[in-house]
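# Examination of the molecular architecture
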Amino acid sequence: MTGTDASHDHPAPASRRPLVAILSGAGISTDSGIPDYRGPNGLWRRDPEAEKLVTYDVYMSDPEIRRRSWRMRQESPAFRAKPNAAHEAVARLERSGTPVRVITQNVDGLHQLAGMPERKVLELHGTVRAVVCTRCHARSSMRRALARVAAGEPDPPCLTCGGILKSATVMFGERLDPQVLGTALGVAKAAQVFLAVGTTLQVQPAASLAGVAAEHGARLIIVNAEPTPYDELAAEVIREPIGSALPRLLAGLAEPA
């Protein structure tokens, strides 16, 4: 009984603050030098063969595709990229004391590098910064795997069981992690403010989170260069460059530290 009374006498200050959910897509990372793979000039449009490198069944059955995939990973701009003003603005909002959750379609890890706590970032499509064994599911560092490639292993096997290694990303033909997706759905339902940033909102099921948030009463704000299927549900649509628009927008949402 005493514990119940105490919880009413001393409520957590953060509980009164609106939860801000941010769904981020490729557009938030282009200023960091990471290309948009799906856009009008994206890699998948320019080189349809490149899709094979990240298609699960092809990857698993074709050793040459795996070797090409490892070479592609060696050249990935994600490992040279640094967080830009948009990533930093999101982390700054979280540090202000405002409850923030990031749901990202990106695999680059830049939200975390900018300072967002790992537990507050949901990576719908996994991460390029780790590898996973397709047989025993052991996870290890991508940098370690790439060092093995550089040392002369064109298709390095799992050091634990000898199985095929892949990037810890969701390839074409793989399902999203149901636990991560379920958590993201809960965040969308609970958010008072939901921002969709740098995403076309066309890839499901991630795109549907914007609709779920709006249906549950969130103020939906879309920051994207091109129109999206959810624009009519949005309280605000911003077409300005993300690197300048998002920091300004989030500064207005920040609670005093």
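Now for a quick tour of the structure. (Residues numbered from 1 in each chain as written. Predicted model: local features only at pLDDT ≥ 70, side-chain atom pairs only at ≥ 80, totals over all residues. Heavy atoms only, no water.)

## Things to note about the overall build of the protein
Helix and strand content of the protein: ten helices and nine strands. For the protein, the residues scored as buried account for 47% of the 257 residues in total. A separation threshold of at least 6 residues defines the contact pool for the protein, and within that pool the share at least 24 residues apart is 64%. When the accessible area of the protein is evaluated, it comes to approximately 13000 Å², of which 52% is carbon and sulfur surface. (Helix = DSSP H or I, 4+ residues; strand = E, 2+ residues; numbered from the N terminus. Buried < 20%, exposed > 50% of the residue type's maximum accessible area, 1.4 Å probe, protein only. Contact = heavy atoms within 4.5 Å. Areas by Shrake-Rupley, 256 points an atom, 1.4 Å probe, with all protein chains shown as cover.)

## As for the packing of helix α4 (residues 63-74) against helix α7 (residues 142-150)
Where α4 contacts α7, the two axes come as close as 10 Å, and the packing angle between them is 115 degrees. Classified by the interaxial angle, the pair formed by α4 and α7 is roughly perpendicular. For the element pair α4 and α7, the recorded crossing hand is left-handed. Counting all contacts with α4, which are made through Trp70, Arg73 and Gln74, the residues of α7 involved are Met142, Ala145, Leu146, Val149 and Ala150. For the contact of α4 with α7, the class distribution of residues is six nonpolar, one polar and one charged. (Axes fitted to C-alpha atoms, helices over the stretch in contact; angles between N-to-C directions. Parallel < 35°, antiparallel > 145°, perpendicular 65-115°, else oblique. Left-handed = near helix turned anticlockwise from the far one by under 90°. Nonpolar A, V, L, I, M, F, W, Y, C, P; charged D, E, K, R; others polar.)

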